[in-house]
Amino acid sequence: MSNVGFFNNSRGVRAGTIVANISSPAGVGPLEKLKAQIAPSAIHDSRERCDAPKCHPDTRVAVQDDLYSWITDGDGETKQPKKIKWVTGPAGTGKTAIMGSLSERCKSGGVLAATFFFASWSASIGRRQKTALVATIAHQLARYHPGLREEIYKVIEADSDIFDKNLHTQMEVLVLGPLQEIACRPNRPDLRGAIIIDGVDECEAEQYHTTTTTGYSPPLRTKDQDQLEILQVLRAASSDPSFPFRTLVASRPERVFREFFDQESNTTSFAEKLDLHEEYNAESDIALFLEAQFSRIRRRYNLPPSWPSSETVQTLVENASGQFIYAATVIRYLDTGRDPPKALLEAILRMGAKVNPNPLKQLDALYSGILESSPDRLNSVLWIHAIHKLNTFATEASALNINLLLAADPESREAEHLLGSLHSLIRIPPPSDQ
């Protein structure tokens, strides 16, 4: 076969350098690589969260004001700002609604850097596990400032397997590295804002080993381990001098969070926690919410202004015990339309009697799920029932006296064993207050 002359009869042809990019498929740049690793449904304004709870207008104002002020102004610290804060409260106190509304407020004020909303019920595995957390934060930071975007894209191109690394390494490479780079620039930007992470207690454990093979198999990871890893990564990031953001972590008061954010053992790492149940009286906000919703229902069904009576509203507020989820469940039940609102409300008020269908089925499911986390559900329920009875007859009964009365061995840690995972249902004072 004869040689083929590609440049026959040509003059002035020079051989240059041929560059072939074989690092990634054509058209797949750092943005696409990053987007493939995020959990878009976990971002506060995602499509999946279109029906997510938000604070009713004019409610939880004081809480949001306090948190927004901390984000923009801090606690007045100068030398070593404490850039991570825990927002907690029992199940149903409105943590997710507050975080959602606060996210929107921060966005409007130009101080929202990133959000991530965990949810154990989500169809998206990205919202149920830790895997996509750092990538999702980095993706939002890349949109937050062009200088950050440039540096984040650089490190993704330079480290193609960064998304296979652990969370600590991902945070160092995808977030802290770019922040350190732009902090060294002569015209360094004045970055500030909030990273809001909600529902960390709902993060499930990610397993790395199969359980179907024979022979030795490492123990399964627990959700506490993954939740603790998230907290450690966030603390390490907030401790870096180049990290300018303030991080809010919202969760129920489960054991791993209580121990991690313990002020006695971590006096310098965290801002003072915000406990929605202890520090803010939600009764007036719940009453405001109920009045607004009843007004809407009256208009829809042409009901008289006297319905429901002020006594009924007050009964519902007292039944809520500071938990917005109770009030929201009541209104949701009245909105079903299966019966006239008057009849449905009467069914709720008759909850001492057997009512079918159960108006508070969703609450039952919520609290049943919490009880499932107890190592001994039967004895835990018996303890809670006994504590309720004791507090009915002796309002000043101390935690110490209750423990002496109920524990088989007062020197044991039976109370912590049975109730330690149930702080979302029952308030257990710290040892110093017992």
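Residues numbered from 1 in each chain as written. Predicted model: local features only at pLDDT ≥ 70, side-chain atom pairs only at ≥ 80, totals over all residues. Heavy atoms only, no water.

## Examining the nonpolar core
Note that soluble globular proteins tend to have their nonpolar side chains buried in a common cluster. The cut-off we apply is this: To form a nonpolar core, buried Ala, Val, Leu, Ile, Met, Phe, Trp, Tyr and Cys residues must be joined to one another through side-chain atoms within 4.5 Å. Burial here depends on accessible area, computed with a 1.4 Å probe over protein chains only, as a share of the maximum for the residue type. Under 20% is buried, over 50% is exposed, and the range in between is partly exposed. Contacts: residue pairs with any heavy atoms within 4.5 Å of one another.
Ranked by size, the top nonpolar core spans 50 residues in total, and within it Leu174, Val175 and Ile197 carry the most contacts. Residues contacting Ile197, with those up to four places away along its chain left out, are Phe116, Phe118, Leu133, Ile137, Leu234, Leu248, Val249 and Ala250.

## Re the pattern of salt bridges
Think of it this way: side chains of opposite charge can pair up when their charged atoms draw near. Quick note on the threshold: Here a salt bridge means any side-chain nitrogen of Lys or Arg lying within 4 Å of a carboxyl oxygen belonging to Asp or Glu. We count a stretch as a helix when DSSP gives it H or I for four or more residues in a row; a strand needs E for two or more, and each element gets its number in order from the N terminus.
This model, assessed by the stated rule, comprises 18 salt bridges. Its salt-bridge partner being Asp45, residue Lys107 comes within 3.1 Å of it at the nearest N-O pair. Of the two residues, Lys107 sits in helix H3 (residues 95-108) while Asp45 sits in the loop between helix H1 (30-35) and helix H2 (61-73), which places them 62 residues apart along the sequence. Classification of Lys107 by relative accessible area gives partly exposed; the value is 46%. Taking the shortest distance from any N to any O, the salt bridge between Asp335 and Arg296 comes out at 2.9 Å. With Asp335 in the loop between helix H13 (324-334) and helix H14 (341-349) and Arg296 in helix H11 (residues 283-301), this pair connects stretches of sequence that are 39 residues apart.

## Points about the environment of Pro218
Locating Pro218 in the fold gives a position in the loop between strand S3 (194-198) and helix H8 (223-239). You can call Pro218 partly exposed: its relative accessible area is 28%. The spacing of Pro218 and Tyr208 is 10 residues in sequence and 9.3 Å in space, taken between C-alpha atoms.

## Notes on helix H6 (residues 146-158)
As a reminder of what qualifies: For a helix, the expected span equals 1.5 Å multiplied by the number of residues minus one.
An ideal rise of 1.5 Å per residue puts 18 Å on 13 residues; H6 measures up with 19 Å between its terminal C-alpha atoms. Buried residues of H6: Gly147, Leu148, Glu151, Ile152, Tyr153, Val155 and Ile156, and no others.

## Quick look at the side chain of Gln140
By secondary structure assignment, the location of Gln140 is in helix H5 (residues 133-144). Excluding residues within four positions of it along the chain, Gln140 makes contact with Ile43, Ala113, Ala114 and Thr115.

## Observations regarding helix H12 (residues 310-320)
Our working definition: Each C-beta atom gives one direction from the helix axis, and the arc is the one those directions make.
Looking only at H12, the buried set comprises Thr312, Val313, Leu316, Val317 and Ala320. Seen from one end, H12 has its buried residues packed into an arc of 140 degrees, which puts them on one side. Buried positions along H12 lie against H11, H13 and H14. The positive-phi residue at the C-terminal boundary of H12 is Ser321, with phi of around 55 degrees.

## Details of the side chain of Arg127
For the record, the criterion: Polar contact criterion, stated in full: a pair of N or O atoms within 3.5 Å, where within protein one must be able to donate a hydrogen and the other to accept it, and residues adjacent in sequence count only if both atoms are side-chain atoms.
With respect to the helices and strands, Arg127 occurs in helix H4 (residues 125-128). Polar side-chain contacts of Arg127 include one of 2.7 Å to the side chain of Glu48. Apart from the residues lying within four places of it in its own chain, the contact partners of Arg127 are Ala39, Ser41, Ala42, Glu48, Arg49, Phe117, Phe118, Ala119, Trp121 and Ser122.

## Observations regarding the environment of His145
Looking at the secondary structure, you find His145 in the loop between H5 and H6. Ignoring any residue separated from it by four or fewer positions in sequence, one finds His145 in contact with Pro189 and Leu191.

## Considerations on the confidence of the model for the protein
In plain terms, the rule: As a per-residue measure, pLDDT reflects the predictor's confidence and takes values from 0 up to 100.
The pLDDT averaged across the protein works out to 83; a share of 75% of its residues lies at or above 70. Across residues 1-24, where pLDDT falls below 50, the model places two contacts with residues more than four positions away in sequence or in other chains.

## Structural notes on the pairing of strand S1 (residues 84-88)
A regular strand places its side chains on the two faces of the sheet in alternate fashion. Put simply, the rule reads: Each pair of strands is called paired provided DSSP finds at least two bridges between the two strands.
Counting buried positions along S1 gives five out of five residues, so the element sits mostly inside the fold. The pairing of S1 with strand S4 (residues 246-251) spans five bridges and is parallel. Paired with Thr88 across the bridge in S4 is Ser251. Pairing of S1 with strand S5 (residues 274-275) involves two bridges; the strand directions are parallel. When the bridges of S5 are listed, Val87 appears paired with Leu274.

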